[in-house]
Each structure stands twice: as C-alpha cells, then as structure tokens.
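# Understanding the architecture of this molecule
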2 protein chains.
Amino acid sequence: MSARDPIELVLSMPEEERRIWLRALAPDDAADLIQGAPHEEHPALLAALDPWPRAEVSALLAYKEDEAGGLMNPRFARLRPEMEIDEAIAYLRRQAGQVETIYYAYVLDTDQRLLGTVSLRDLLSARRDQHVRQLMRRNYQSVLEHERQEAVAKLMSDHRLLAIPVLDKSRVMQGIVTIDDAMQAGRESADEQLQKVGGMEALEGAYLDTTFRKMFRKRAGWLSALFLGEMLTATAIGFYEREITQVVMLAFFIPLIISSGGNSGSQAATLVIRAMALGEVHLLHWWRVLRRELLCGIGLGTALCAIGMTRIVIWHGISGAYGEHFARLALTVGTSLIGVVLFGTLTGSMLPLMLRACRFDPASASAPAVATLVDVTGLVIYFSMAKVFMLGVLR
Amino acid sequence: MSARDPIELVLSMPEEERRIWLRALAPDDAADLIQGAPHEEHPALLAALDPWPRAEVSALLAYKEDEAGGLMNPRFARLRPEMEIDEAIAYLRRQAGQVETIYYAYVLDTDQRLLGTVSLRDLLSARRDQHVRQLMRRNYQSVLEHERQEAVAKLMSDHRLLAIPVLDKSRVMQGIVTIDDAMQAGRESADEQLQKVGGMEALEGAYLDTTFRKMFRKRAGWLSALFLGEMLTATAIGFYEREITQVVMLAFFIPLIISSGGNSGSQAATLVIRAMALGEVHLLHWWRVLRRELLCGIGLGTALCAIGMTRIVIWHGISGAYGEHFARLALTVGTSLIGVVLFGTLTGSMLPLMLRACRFDPASASAPAVATLVDVTGLVIYFSMAKVFMLGVLR
C-alpha cells in the first residue's frame, strides 16, 4: 500500500475487499483515511464499518484533523480505582488486543471522568497488596479536545509522555493521543511550515522522487504570484522617473533599501510564525508583539542606518563617487533604512497574526511574500526621504 | 530547575549537592548536561559520578550530540532467547528500576549481538509455554551509532516505534534511542532549521519571554551581515551609471529582476535543505540535484519571462510608458529573467550542499542569504542583456 494516496487505493477496491481493509484499521486511522476522501464518499465508507466502530469513527470525523480530537484514538485501557494490582494487570493483558496501548492505563469514575493515570511499569513494580487508587498519579497532564496539534506535541515532548488523555470540558475522557501520532503530526506540520516560509507550496513526497511536472507546478504558482506582486515595484519606480533622471545615484541604493526591509520582515515573520506554532503567541497577544517589534525595528533600523551612512561617507572619501551631494545622499539612505526596517518588522510580525485571524495558515507569511509586500512601500519611503533631503537638488 | 541553563545551575552548586543531582540522572541525560559545560569542567563533573555510570557517560560523550549515539541510553532491557515467557516478564519487572523502558526488550546472544526484539505487550499476550526465541521479531528496525538524529526521528516516526536499537558495525547492541528523546531532538532541529531559513540565529526560548537585548543580538548579527553583502549591489549598479542615465527605464525593473532571482533561489534552497534533513539527498546526489534544478530553473525562468514581457507590452499599449524602445526593453527584461531565475535556482540548490561539504549547517542557506548572493549577479546579468538588446540606444 503506497504511503502517498491510500484513500485512492481503498476507493478503487471492490466492496468486499474495502470492507476488510477498513475493519482492520484502528478508529483514528480509519477516520484519517475517510477524511482524505471526497465528502460524498463518506457515507459509503462509514457503511462498510460495523456499528460500534462506525459510531466511534463518526465521532472522530467531527473533529478537525489538526486538533487533539482529530489525532486521538477512542480506545484506551481503562481501570477502576478499587482494582487490586494483579487484577489490574490481568485486566490489561485481556485488553491488549483492543486498545492502542496498554503501557498507560486510565482510571475513570462511573461517569467516565478521569481520576488518574497509571503506567504498566508502575503496576509491574508495585507491591501486590496495593490498589490502583493508591498507585495512580493524580497530577497527570491532559489536553482538551480542541487543542491544536502543535501544542499537544509540545506538551508531550516537554513532559516526555508516551500518551496523553484527551478530555472534554467536564473532564470526561474522550480518548488518548499516542506519541507516534503526535510525532507524525508534529513532523508533518514542521515540514509544511518550513516549505511555506521558504516560499513554496508544500511538497509531500521526497525531493528526488517527485516528478518534474509536479515540482514545477508547486513552485511556479507561488513564484508567479510573487512576481505579479513585485511588478508593482516597476510601476512605483516609474513614478520617480524624474528624480532618478536628476540624481541617478538614487538608483544605486534601491536594492539595498528594499532588501533590508525584506530581510527584517522575514526575520520577524519567522519568529512570530514559530511562536504561534509553539502556542507561545496567540491572537490576543498582538499588542505585546507590536510593541516589541516596534522597539526592535527602531533598534535594527538604527543599526543599519549607522552602517549604511558610514559606508557612504567612507566610500565617498576614498573615491569621491557621490559628488557634491554625498551628505544629502547619506541622510536619505540612512533615514530610509530606519523607516524601511521598521515597516518591515511591523509587517512581518503582524502578517502571520492577520492571516490567522482570517483563518489562513500563518506560515504563508513566507520570507518572499513579506519581502514582496514590503518592497513597494520601501521604495515610497526611500523616494519620499530623497525629496526631503535633496530639496533644492531635486526640482 | 530552569529549562534554560541547567548546566549553569549544576556548576554553581556545592560539590555534595552536585553529586546528588548528577547521580539522579539517566546516563544519556547526564551526558547531555556535561556536553553543555565548558570543556575544562568535564573531568570534575565526571568525577562526581560512580565508576560504572562514569564509564557509560564517558562513552556517550564520545558521540556527537546530533547522532544516534549522542541520543541513546545505554541502559536497556535485555532478554536471553531461551527464556520462558513468565521468566522473561519476571526478569523485566526486576529490571524496571534500572532501564529506560521495559516496554521493549532486546534479545542478545552471548557476544551482545542483537538477535531480535520483543515488546512487553507481546510477552503479556503470549501463551505461557512459549519461549522468547519464538516470540521475538527478527525483522526489527535499527540504526547505526553515527546515524544523523533527523534520520533516526524519521525512521521512528515512519515505523511508529517507541524505541529503536543502536548497533555498531558488527551488530553489537550499544543502546536504545527512545521516542521522547528522538522527538525532542527532531523538534529542536526543525525549530532551528525554520529560524535559519527565515534568516536569523535560532532563538531557544519563547518569543515573549526572550529579553529585548537577547532578541536584538540574535537578529542584528545576521541582518547586518546580509546588509554588508547587499551593499555590493550599490557598487554594482554604480558601474552601470552611464546606462541608467541614457535609459532611465532600466532602473524601473531592478527590484523585479533581482527579487525573482532571490525568490527562486530561496525555494530551491528550502527544498534541498529539507531533503537533506530528511536524509533524502546526500552530497553524492549533487549531480542529480543540479540537473533537476537546471531544468526547473529554465522552466520557471521562461514562465516569468512570458509574464514579464506580456506585462511590458500590454502596459505600453495602454499608457505608452516605455517609449520607442519598448520592444528592446521587453527583450532585455525577459531574457534577464530566464538568466536570473536559472542562476537563482542553481545557487539556491547548490549552496546547502556546499555548506554541508564544508561541514557547516545547510540550513544557513536561508532565503535572505541566497537572495543576497543572487542579487549582484542578477544586476550584472540584467545590464549585460541591456547592452545586447539596447545596442545603438546605449552608447
């Protein structure tokens, strides 16, 4: 069974074979598979399951793929608090075929609320006269059904958990997320994020195995979109034709100015995308992020301004390249750098938050996308500063 | 104990307390901790351990942090093939306190070579009259000591393993990597990769908790380096002052041309960085990558060339903006785009391979770094094309 499109394979099977396949899957895997199928196929696929798994899978289909509920398996090992150790071990041994893991067991009350967790390892090394109640850990980690998958993966990794219980608001246990599923989800989302930040649609397969046609399509789309956006720069510079004709040196610094905006914006965007993925930054933090990036943008802009002005002054001292107006040029470039870098960091940091607010993926605020957004504004800032500092030179 | 700098805390402790702390750690964790300390402190820290753990930790310190040996724990549950099931379970129960996990056990011959693996779950659901030899899996997954951590994490995730045995060349078992360590390592490296591709030094802590000073330092370094590199564009354009003075329209397309090179380069670099991290692409594949990117670069360049030339022709038709030489301008921009995009994809794809060959981190080939490298060349290509197609107009 190819790892690529298992659902296509299942859809192409004769009914009887499909039934056998679907029944062999754990409910969370069946739900993942069905989620990949076109919506109109869902009822037929669900009908192939037996009544009880069908109910479980239907419940799982109600969750989004990237939240705890979408990752969880509803079949977990249950224990009652009053069980004796040997009884509990024997009970787990009997459940071994039906549940996702018997290494962690969950102690529930009669309302299915989670009282505590106990590991098989603890059971195996406990004294035989103890009860599950005495052994269970009450300060366990858990997640709510709608927790984002990246946050689940981070919590499990930080606390080195092999499985984590998923609870609803009233602490009724819904299922468990096991570390293999969390790790796979975490790896997939990190991979997608990396590619988006690098400025392309995510390639799912291996680089060398992807067909040329597929690779071209994945790259051409974004590249053309960015190109169309960047075309605005030609129009923008066109407006300043007169200024460039009068002071041709202004053209020399165009790439330097706009790339500084793009680079600082891409740094800020990456930081915020990462912080959002790790659950450190939420939409509500926008004000704290803005304040911080405002400071950072002014600081970084001032640093580049200092380097840039020094460079112009020294280079002019050596070669006399910039003629009589070198001081005005240095001021134009220096102040533009502060403006452009500040605008870059603010755009880069706010764009992922805005994308999330509009329910898009924040990682689409890729380095090239931010650069493209910032470039036109960078040009406007630059030529406006030129008009201020070159007053008298520019007519 | 702060998650940030546990080693600083340990170094600041009085000797007796330090000894207690270090002894409480598993050997792989102790090795990680000691690895974070300055080299001259290593002997003192090792001396705080008892002789047997000290030998284990010293052996682990010989491995690099990012390879299987550096992640592994040398304490794993061992079984002999001739053991009966109940005997094996009892033996695992006794080992529970000393080994990293008892959920997976490793069946070794008398030379410590790995014969097979058996899970506690299999043992618990087996018939009592069986022997370990009959139950163990012989087609287990394993890794060599020097396997890269990303490859270990990928293998474990693909096969949904909770632990993987680490073998030396003669299949002698050295230890196990457990999924929590693999996941943590995988998360850390993905995080670092993302930030590097976004163009900054990796921030270890949370975005909102990092001090302004630290954040500024991490960002200013790269940003200034890129700025210094980008300064070459000002010098480069300076060489074409005469051309711009004669045909000022040439300046309009500078950002469009160089950003196309940067964007296509950043796509290619991200793809290759990702493929290398996943172990899909190695140095030896450079020729296959080059051939593929050559094709892709020509294809993408031609696509942008078509869009760019159409835009100039249409815009000229509407506004007459580009005067009598609009056809020459369109040809200059179009051919430059093919050249620049091709150069961008080739640079972007080869840079990560070259960095690896020089033992640097391929992920340092960030979007902004590639863009900076490509920009100067892009300008040279552009103005060279202008000289060809504007022959007679440019004197």
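Fair warning: this is a prediction, and the values are worked out from it, not measured in the lab.

Secondary structure summary: chain A contains 18 helices and 6 strands in total. For chain A, the C-alpha radius of gyration of 29 Å lies well beyond 21 Å, the compact-globule estimate for 395 residues. Taking the principal axes of its C-alpha atoms as reference, chain A extends roughly 95 × 50 × 35 Å. For chain A, buried positions account for 54% of its 395 residues.

Right, let's talk about the sheet that holds strand E6 (residues 173-178) of chain A for a bit. Residues and elements named next belong to chain A. Reading across the sheet, the 3 strands line up as E4-E5-E6 and stay open at both edges, with mixed pairing between neighbours. The open sheet is flanked by strand E4 (143-144) and E6, the only strands paired with a single partner. Where strand E5 (residues 163-167) and E6 come together, 5 bridges link them in antiparallel fashion. Its bridge partner lying in E6, Val-166 is registered against Gly-175. Helix-sheet contacts for helix H10 (residues 149-158) involve E4, E5 and E6, and the interaxial angle to E5 is about 135°.

This next bit is on the interface of chain B and chain A. Note on interface size: it is often stated as the accessible area lost on association of the parts. If you look at the interface, chain B gives 108 residues, while chain A gives 108 residues. Summed over both sides, the interface of chain B with chain A buries roughly 10,100 Å², with 65% coming from carbon and sulfur. Across the contact surface, chain B and chain A share 10 salt bridges. If you look at where chain B meets chain A, you find 35 residue pairs in polar contact (both at pLDDT 80 or more). Looking at the side of chain B that touches chain A element by element, the count peaks at 18 residues for helix H12 (residues 212-239) of chain B.

Once that is clear, we can look at the relation of the copies chain B and chain A. Mapping chain B onto chain A calls for a rotation angle of 180° and an axial translation of 0.0 Å; the resulting RMSD is 0.1 Å. When the rotation and shift are considered jointly, the pair of chain copies conforms to a two-fold rotation axis. Closest approach to the rotation axis among the C-alpha atoms of chain B is made by Leu194(B), whose C-alpha sits 2.7 Å away. Taken together, the interface assignments show that 100% of the residues at the interface of chain B recur at the interface of chain A, consistent with an identical surface on both copies.

Once that is clear, we can look at the side chain of Ser349(B). Residue and element names in this part refer to chain B. Here Ser-349 is to be found in helix H17 (residues 326-357). Reaching out from Ser-349, the side chain makes a polar contact with the backbone oxygen of Thr-345 at a distance of 2.8 Å. Looking at Ser-349, its side chain comes within polar contact range of the main-chain oxygen of Leu-346, at 3.1 Å. Look past the residues within four positions of Ser-349 in its chain and what remains in contact with it is Ala-268, Ala-269, Val-272, Val-289 and Glu-293.

Residues and elements named next belong to chain A. A grouping of Ile-314, Trp-315 and Ile-318 is seen on the molecular surface, where their side chains present a nonpolar patch of about 320 Å² in accessible area. Here Ile-314 lies in helix H16 (residues 286-319). Classification of Ile-314 by relative accessible area gives partly exposed; the value is 49%.

What follows deals with the sheet that holds strand E1 (residues 77-79) of chain B. Within a sheet, each strand pairs with its neighbour through backbone hydrogen bonds, oriented either parallel or antiparallel. Residue and element names in this part refer to chain B. One open sheet accounts for 3 strands, arranged E1-E2-E3; its pairing is mixed. A strand with exactly one partner marks an edge of an open sheet, and here the two such strands are E1 and strand E3 (114-119). Here the average twist between neighbouring strands, direction ignored, is 35°. In terms of strand pairing, E1 meets strand E2 (residues 104-108) through 3 bridges, oriented parallel. For Leu-79, the partnering residue across the bridge sits in E2 and is Val-107. Against the sheet, helix H7 (residues 85-95) makes contact with E1 and E2, and its axis sits at roughly 155° relative to E1, the strand it touches most.

In total, this model carries 11 aromatic pairs over all chains according to the counting rule given. Arranged with centres 4.4 Å apart and planes meeting at 10°, the rings of Tyr240(B) and Phe383(B) form a pair that is stacked. Of this pair, Tyr240(B) sits in the loop between H12 and helix H13 (241-246) while Phe383(B) sits in helix H18 (residues 367-389), and the two are 143 residues apart along the sequence. Grouping residues by exposure puts Tyr240(B) and Phe383(B) together as buried. When the ring centre of Tyr207(B) is taken as origin, the NZ or CZ atom of Arg292(A), which lies over that ring, is 5.6 Å away.

Enumeration according to the criterion identifies 34 salt bridges over all chains in this entry. Between Arg160(A) and Asp29(B) there is a salt bridge, with its nearest N and O atoms 3.8 Å apart. Taken together, the residues Arg160(A) in the loop between H10 and E5 and Asp29(B) in helix H3 (residues 27-35) connect one chain to another. Owing to a relative accessible area of 30%, Arg160(A) belongs among the partly exposed residues under this scheme. With a relative accessible area of 23%, Asp29(B) lands in the partly exposed category.

This part covers the confidence of the model for chain A. Per-chain confidence: chain A averages 86 in pLDDT, with 98% of residues scoring 70 or above. Prediction confidence for the complex, expressed as pTM and ipTM, is 0.76 and 0.74 respectively.

All names here are of chain B. Within E2, 5 of the 5 residues are buried, leaving the element largely enclosed by the surrounding structure. Burial along E2 is two-sided: Tyr-104, Tyr-106 and Leu-108 and Ala-105 and Val-107, pointing in opposite directions, are all buried. Considered for its hand, the β-α-β crossover made up of E1, H7 and E2 is right-handed. Two strands pair when backbone bridges link them, and E2 and E3 are joined in this way by 5 bridges, in the antiparallel orientation. Residue pairing in the sheet places Ala-105 in a bridge with Val-118 of E3. Taken together, E2 and the strand that follows it, E3, pair antiparallel across an intervening segment of 5 residues, in which Gln-112 is found at a positive phi of about 65°.

Judged by side-chain charge, Asp32(A), Glu65(A), Asp66(A), Glu188(A) and Glu204(A) come together as a negatively charged surface patch. Structurally, Glu204(A) is set in the loop between helix H11 (179-197) and helix H12 (212-238).

Within the largest apolar cluster, 126 residues are counted, with the highest numbers of intra-cluster contacts made by Leu79(A), Leu120(A), Leu123(A), Leu79(B), Leu120(B) and Leu123(B). What Leu123(A) contacts, discounting residues up to four positions off in sequence, is Leu79(A), Ile85(A), Ala88(A), Ile89(A), Leu92(A), Val118(A), Leu135(A) and Arg93(B).

The next thing to look at is the packing of H16(A) against helix H17 (residues 326-357) of chain A. All names here are of chain A. Packing of H16 against H17 brings their axes to within 7 Å, and their N-to-C directions diverge by 155°. Comparing the axis directions of H16 and H17 gives the class roughly antiparallel. As for the relative orientation of H16 and H17, their crossing is right-handed in sense. Looking at the contact of H16 with H17, its residues break down into 23 nonpolar, 8 polar and 1 charged.

Among the residues of helix H7 (residues 85-95) of chain A, Ile85(A), Ala88(A), Ile89(A), Leu92(A) and Gln95(A) are the ones counted as buried. The arc that holds every buried residue of H7(A), seen down its axis, measures 125°, which confines them to one face. For H7(A), the elements touching its buried residues are strand E1 (77-79), strand E2 (104-108), helix H8 (120-124) and helix H9 (132-135) of chain A together with H7 of chain B.

Conventions adopted
- Residues numbered from 1 in each chain as written.
- Chains lettered and ligands numbered in written order.
- Predicted model: local features only at pLDDT ≥ 70, side-chain atom pairs only at ≥ 80, totals over all residues.
- Heavy atoms only, no water.
- Helix = DSSP H or I, 4+ residues; strand = E, 2+ residues; numbered from the N terminus.
- Rg over C-alpha atoms; globule rule 2.2 N^0.38 Å.
- Buried < 20%, exposed > 50% of the residue type's maximum accessible area, 1.4 Å probe, protein only.
- Pairing = 2+ DSSP bridges.
- Contact = heavy atoms within 4.5 Å.
- Axes fitted to C-alpha atoms, helices over the stretch in contact; angles between N-to-C directions.
- Buried area = accessible area lost by both parts, 1.4 Å probe.
- Salt bridge = Lys/Arg side-chain N within 4 Å of Asp/Glu carboxyl O.
- Polar contact = N/O pair within 3.5 Å; in protein donor to acceptor, adjacent residues only side chain to side chain.
- Least-squares fit on C-alpha atoms with pLDDT ≥ 70 in both.
- Patch = residues over 30% accessible without salt bridge, like charges linked within 9 Å, V, L, I, M, F, W, Y side chains within 5 Å.
- Areas by Shrake-Rupley, 256 points an atom, 1.4 Å probe, with all protein chains shown as cover.
- Phe/Tyr/Trp six-rings, centres within 6.5 Å; stacked < 30°, edge-to-face > 60°.
- Lys NZ or Arg CZ within 6 Å of the ring centre and 35° of its normal.
- pLDDT = per-residue confidence, 0-100.
- Right-handed = clockwise from strand over helix to strand, strands pointing away.
- Lys, Arg positive; Asp, Glu negative; His and termini not counted.
- Charge placed at Lys NZ, Arg CZ, Asp CG, Glu CD.
- Core = buried A, V, L, I, M, F, W, Y, C linked by side-chain atoms within 4.5 Å.
- Parallel < 35°, antiparallel > 145°, perpendicular 65-115°, else oblique.
- Left-handed = near helix turned anticlockwise from the far one by under 90°.
- Nonpolar A, V, L, I, M, F, W, Y, C, P; charged D, E, K, R; others polar.
- Arc of directions from axis to C-beta.

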